[in-house]
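Working through the structure, step by step
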Amino acid sequence: MQRASSKVEQIIAQIRSLIGTQSFEGGRLPSEPSLAEMVGASRATVRQALAELEVEGLLIRKHGVGTFVNERMLNIGQRLDEVWDFLEMIEVAGHTPSIEHHFLTLGPTTHELAEKLGLQPEDEVITTANVFLADDVPVIYCIDYLPSRLVKQAYREEELQGPVYSFLTNRCETRIEYCIAELLPVVASDEIARLLRCDVGVPLQYVKEVGYDARDEPIIYSEEYYLPEIFNFTIVRKLTSGR
């Protein structure tokens, strides 16, 4: 059964909202007891939420001084190390999102999908492909592959004509906890150029990724094509050695 959003995740969202809507003197957050009172949570929960936001890079902790907002992180738009709903991503970029459904199929798996999703040769896969538009201009083409065995409830085809996150939650009773993605350079093929209404051979940002649930089981494989004129992805890199 899909677990509800954890208390820590809820507090992280509240702290993000505070950072976005309030001005803290010198960028310094209130103390843990004060934050706990503001968000209605225990100090232990707030401490864990702050630790996760520090790992993300949004906060900087200075021992003996306090916890500060990393102002540079606030100016980053789309981060490559975060999983976004495409419609939300387009809206955040300042455009009006919409969807054009391409196709939906149910069929046998392939050798490549079986390896990525841990399937048996006899397993079937749901494939849904959608074009996402910004102000009626195609900007993303995404193909999602889901093991049909995940589906626990009857569904309507239109539920897969767009982002799959709600479908996973409502019909499969699961959710993506994290993704492992690979970013590759590609150029638009005839088919992709037709769907994205761009010239053949235009460079695209291509991401292929596997999404995993809370049990570390692969539940979705996606192939995503982005027009780089619309999206400028940023990744936060941290030094892992002592140098």
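Residues numbered from 1 in each chain as written. Predicted model: local features only at pLDDT ≥ 70, side-chain atom pairs only at ≥ 80, totals over all residues. Heavy atoms only, no water.

Attention shifts here to the overall build of the protein chain. The helix and strand tally for the protein chain stands at eight helices and eight strands. Taking all 243 residues of the protein chain together, the buried fraction comes to 41%. Of all intrachain contacts in the protein chain linking residues separated by at least 6 positions in sequence, the fraction that spans at least 24 positions is 56%. (Helix = DSSP H or I, 4+ residues; strand = E, 2+ residues; numbered from the N terminus. Buried < 20%, exposed > 50% of the residue type's maximum accessible area, 1.4 Å probe, protein only. Contact = heavy atoms within 4.5 Å.)

At a minimum axis distance of 9 Å, the contact between helix H2 (residues 32-39) and helix H3 (residues 43-56) shows a crossing angle of 105°. The angle between the axes of H2 and H3 places the two elements in the roughly perpendicular class. Two secondary-structure elements touch here, H2 through Glu 32, Pro 33, Leu 35, Ala 36 and Val 39 and H3 through Arg 43, Val 46, Arg 47 and Leu 50. Of the residues belonging to the contact of H2 with H3, the class tally is six nonpolar, no polar and three charged. (Axes fitted to C-alpha atoms, helices over the stretch in contact; angles between N-to-C directions. Parallel < 35°, antiparallel > 145°, perpendicular 65-115°, else oblique. Nonpolar A, V, L, I, M, F, W, Y, C, P; charged D, E, K, R; others polar.)

Right, let's get into the environment of Val 164. Mapped onto the secondary structure, Val 164 falls in the loop between strand E5 (137-147) and helix H7 (165-171). Counting along the chain gives 56 residues from Val 164 to Ile 220, while the straight-line C-alpha distance between them is 9.4 Å. Every residue in contact with Val 164, bar those within four places of it in the chain, is listed here: Thr 128, Asp 144 and Ile 220.

With that settled, the discussion passes to empty space enclosed by the protein. Over the atoms rolls a probe the size of a water molecule, and in doing so it shows where empty space is left. According to the stated counting rule, one finds one cavity of 30 Å³ or more in the structure shown. Approximately 120 Å³ is the volume found for the largest cavity. Around the largest cavity, the lining is made up of 15 residues, and of these Asp 144, Val 164, Tyr 165, Ile 220 and Ser 222 lie nearest the centre. Within the residue set of the lining of the largest cavity, elements represented by two or more residues are E5 and strand E8 (218-226). With three residues, E8 is the largest single contributor of residues to the lining of the largest cavity. Grouping the amino acids of the lining of the largest cavity by side-chain chemistry returns 10 nonpolar, two polar and three charged. (1 Å grid on protein atoms, 1.4 Å probe; cavity = no way out; pocket = protein on both sides within 12 Å on 5 of 7 lines; lining within 4 Å. Points joined across faces, edges and corners; volume = space filled by probe spheres on them.)

Attention now goes to unusual backbone geometry. Even without glycine at this site, Asp 136 takes up a positive phi of about 70°. The phi dihedral of Asp 216 falls on the positive side, at around 65°, and the residue is not glycine. Of note, Asp 216 is situated in the loop between strand E7 (203-212) and E8. Residue class for Asp 216 comes out partly exposed when judged on its relative accessible area of 47%.

As for its position among the elements, Asp 213 is in the loop between E7 and E8. With residues up to four places along the chain from it excluded, the contact list for Asp 213 reads Thr 174, Arg 175, Glu 177, Tyr 178 and Ile 219.

Here the focus is the packing of aromatic side chains. Per the stated rule, a full pass over the model turns up seven aromatic pairs. Consider the rings of Tyr 145 and Tyr 221, whose centres lie 5.7 Å apart with planes at 25°: the pair is stacked. One end of the pair, Tyr 145, is in strand E5; the other, Tyr 221, is in strand E8, and 76 residues separate them in sequence. Neither Tyr 145 nor Tyr 221 differs from the other in exposure class; each is buried. Geometrically, the ring pair formed by Tyr 178 and Tyr 212 is stacked, given 5.1 Å between the ring centres and 10° between the ring planes. (Phe/Tyr/Trp six-rings, centres within 6.5 Å; stacked < 30°, edge-to-face > 60°.)

No statement about biological role is implied by the geometric values presented.
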